[in-house]
Amino acid sequence: MTAALPRTTAPPPSLTRRLWFGWVVFWAGFFTMTMSPALVLHSALAPTARTLRSWMWPWARFIYGMSGFRVETVYRAPLPPGPVVFASNHVNSLDIPAAMLGLPRPFLYMARHELRKWPLVGWVLEKSACLFIRRDNPRQAVADLQRAAERIRGGDSVLLFPEGGRSHAHTLEPFMSGPFVLAIRAGVPVVPMTLVGQAGIMSQTDKTAWPGTTWCVIGEPISTDGLQRGDAAELSARVRKVIEAELAGAEA
């Protein structure tokens, strides 16, 4: 890890930091509302990862720029050619814009089905190239993973959060097996991605935020060649170990 690391603890509560949180929420909402129609219209013509990135990269840049946030990318190894499954820790609602700015290639976002019910956000995700998975219906989940695997084999990379929910800290929740079953089904490498410093710029639990830097650490790709569905747990453990090591190194 580099010498200059962002803080890894949430901004302490204060009036200034709570006002800054409101500032971040305002600009996130403003740019989401103003840019979403163009993304939806473009996606109707070309529902691809490139279309998603063409609108969500500037969306993320505007939000981070107005909020005083930065993203720096660190490569532990070069990205392999072709599509991959990015598996990242999930800290807060800023993870998607951070990934958009930190990752060098287009990707699809696979979200839990419940997000379809969110006002505006659910509508945008449904009308763009994002993918959904039902975690409460095993049969439907298998079908969702199959559709996602087909998109990956077609050339699109996918970003998933194996925790399935936000930790709001630089710690990891238990991993789900779905992302790793997907990578095995698609026959593509898994690239561990660690967002370091993300909890240090915003706390949704305390409603605080403060300018700072997030490091997007892209790990060494892990091959899925020769793996079967039953190997998903071992693959999950390998990815988790990489992310845990990055977080522990940042806090040392």
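The coordinates are above.
A brief look at the structure comes next. Keep in mind that this is a model prediction, so the values were computed, not measured.

A few points about the packing of helix α2 (residues 49-67) against helix α3 (residues 95-102)
Between α2 and α3, whose axes approach to 9 Å, the crossing angle comes to 110°. Our classification of the angle between α2 and α3 gives roughly perpendicular. You can see that α2 and α3 cross each other, and the crossing is left-handed. Residue-level contacts link Leu52, Arg53, Met56, Trp57, Trp59, Ala60, Arg61 and Tyr64 of α2 to Ile96, Pro97, Ala98, Met100 and Leu101 of α3.

Concerning the environment of Ile96
By the element assignment, Ile96 lies in helix α3. According to the relative accessible area criterion, Ile96 is buried, its value standing at 13%. Taking the C-alpha atoms as reference points, Ile96 and Ala60, 36 residues apart in sequence, are found 8.1 Å from one another. The residues touching Ile96, leaving out its near neighbours within four places in the chain, are Met56, Trp59, Tyr109, Leu159 and Phe161.

Here's the deal with the pattern of salt bridges
Between side chains of opposite charge, a pair can form as their charged atoms come close. Under the definition given, this model contains four salt bridges. As a salt-bridge pair, Asp156 and Arg151 come within 3.1 Å of each other at their nearest N and O atoms. What makes Asp156 buried here is its relative accessible area of 16%. For Arg151, a relative accessible area of 25% puts it in the partly exposed group.

Topic: the packing of helix α1 (residues 15-45) against α2
Two numbers describe how α1 lies on α2: the axes approach to 9 Å, and their chain directions differ by 165°. Judged by the inter-axis angle, α1 sits roughly antiparallel to α2. Crossing handedness for the pair α1 and α2: right-handed. On the side of α1, the interface is formed by Trp20, Trp23, Val24, Trp27, Ala28, Phe31, Thr32, Met35, Ala38, Leu39, His42 and Ser43, while α2 contributes Thr51, Leu52, Ser54, Trp55, Met56, Pro58, Trp59, Phe62, Ile63, Met66 and Ser67. Considered class by class, the residues forming the contact of α1 with α2 number 17 nonpolar, six polar and no charged.

Comments concerning the side chain of Arg53
Note on placement: Arg53 falls in helix α2. No salt bridge is formed by the buried Arg53, whose closest oppositely charged neighbour, Asp156, lies at an N-O distance of 11 Å. In terms of polar contacts, Arg53 uses its side chain to reach the backbone carbonyl oxygen of Leu103, at 3.2 Å. Those residues in contact with Arg53, other than ones at most four positions away along the chain, are Pro58, Met100, Leu103, Pro104, Arg105 and Pro106.

Quick word on the pairing of strand β2 (residues 85-88)
Here β2 shows a buried face lined by Val85 and Ala87 and a second buried face lined by Phe86 and Ser88. Note: β2 against strand β6 (residues 190-196), four bridges, orientation parallel. Its bridge partner lying in β6, Val85 is registered against Val190.

Description of unusual backbone geometry
Even without being a glycine, His168 presents a positive backbone phi close to 60°. One can find His168 in the loop between β5 (158-160) and α6 (178-186). Of note in the backbone geometry, Lys207 takes a positive phi value of approximately 60° without being a glycine. Topologically, Lys207 is positioned in the loop between β7 (202-203) and β8 (208-209). Note on Lys207: relative accessible area 41%, which makes it partly exposed.

Scoring rules and cut-offs
Residues numbered from 1 in each chain as written. Predicted model: local features only at pLDDT ≥ 70, side-chain atom pairs only at ≥ 80, totals over all residues. Heavy atoms only, no water. Axes fitted to C-alpha atoms, helices over the stretch in contact; angles between N-to-C directions. Helix = DSSP H or I, 4+ residues; strand = E, 2+ residues; numbered from the N terminus. Parallel < 35°, antiparallel > 145°, perpendicular 65-115°, else oblique. Left-handed = near helix turned anticlockwise from the far one by under 90°. Contact = heavy atoms within 4.5 Å. Buried < 20%, exposed > 50% of the residue type's maximum accessible area, 1.4 Å probe, protein only. Salt bridge = Lys/Arg side-chain N within 4 Å of Asp/Glu carboxyl O. Nonpolar A, V, L, I, M, F, W, Y, C, P; charged D, E, K, R; others polar. Lys, Arg positive; Asp, Glu negative; His and termini not counted. Polar contact = N/O pair within 3.5 Å; in protein donor to acceptor, adjacent residues only side chain to side chain. Pairing = 2+ DSSP bridges.

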